[in-house]
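A look at the structure
Each chain, written out:
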Amino acid sequence: MEPGFDMQRLLEQAQAVQQQLFAAQQELADAEVEGTSGGGLVRATMNGQGEITALVIDPKAIDADDPAETAETVADLVIAAIRDAARAAAELQQSTMGPLAQGMPGLPGF
């Protein structure tokens, strides 16, 4: 072993990182982000882990006189809102997990 290498300290650091990782994962599971499209006509809510938890379509997005066109437009708006929410979730994941991905100085392999 290297001089000054302290296995107990290494294990304590690894356990601390594990606890921080668990806390960050829980924070992401509890967090919500929202994506919108069509000026707010469609809103997609997603948790920080990227799971869709809600989708709201404003009735103004629906044109009863042209159901085929409306269906296509609403589908496009839903996709755009989900992409916007996914972008926000990815940013949240990066800000929450990014520091943990850097590891802790002195831990081998991190």
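An account of the accompanying structure is given in this report. (Residues numbered from 1 in each chain as written. Predicted model: local features only at pLDDT ≥ 70, side-chain atom pairs only at ≥ 80, totals over all residues. Heavy atoms only, no water.)

Okay, helix α1 (residues 7–30) next. With 24 residues, α1 should cover 34 Å at 1.5 Å per step; its first-to-last C-alpha distance of 35 Å lies within 8% of that length. At the N-terminal end of α1, a side-chain oxygen is found 3.1 Å from the backbone nitrogen of Q8, two or three residues along, and the residue is D6. (Helix = DSSP H or I, 4+ residues; strand = E, 2+ residues; numbered from the N terminus. Expected span 1.5 Å × (residues − 1). Polar contact = N/O pair within 3.5 Å; in protein donor to acceptor, adjacent residues only side chain to side chain.)

Bringing the nonpolar core into the picture now. One broad rule of soluble globular proteins: the nonpolar side chains tend to lie buried together. If you look at the biggest cluster of nonpolar residues, it comprises 12 residues: V33, V42, A44, M46, A61, V74, L77, V78, A81, A85, A88 and A89. For this core, the elements supplying multiple residues, two or more each, are β2 (42–47) and α2 (67–101). For this core, the leading source of residues is α2, giving seven residues. Beyond its immediate chain neighbours, meaning those up to four positions away, V33 contacts A44, T45, M46, A85, A88, A89 and L92. (Core = buried A, V, L, I, M, F, W, Y, C linked by side-chain atoms within 4.5 Å. Buried < 20%, exposed > 50% of the residue type's maximum accessible area, 1.4 Å probe, protein only. Contact = heavy atoms within 4.5 Å.)

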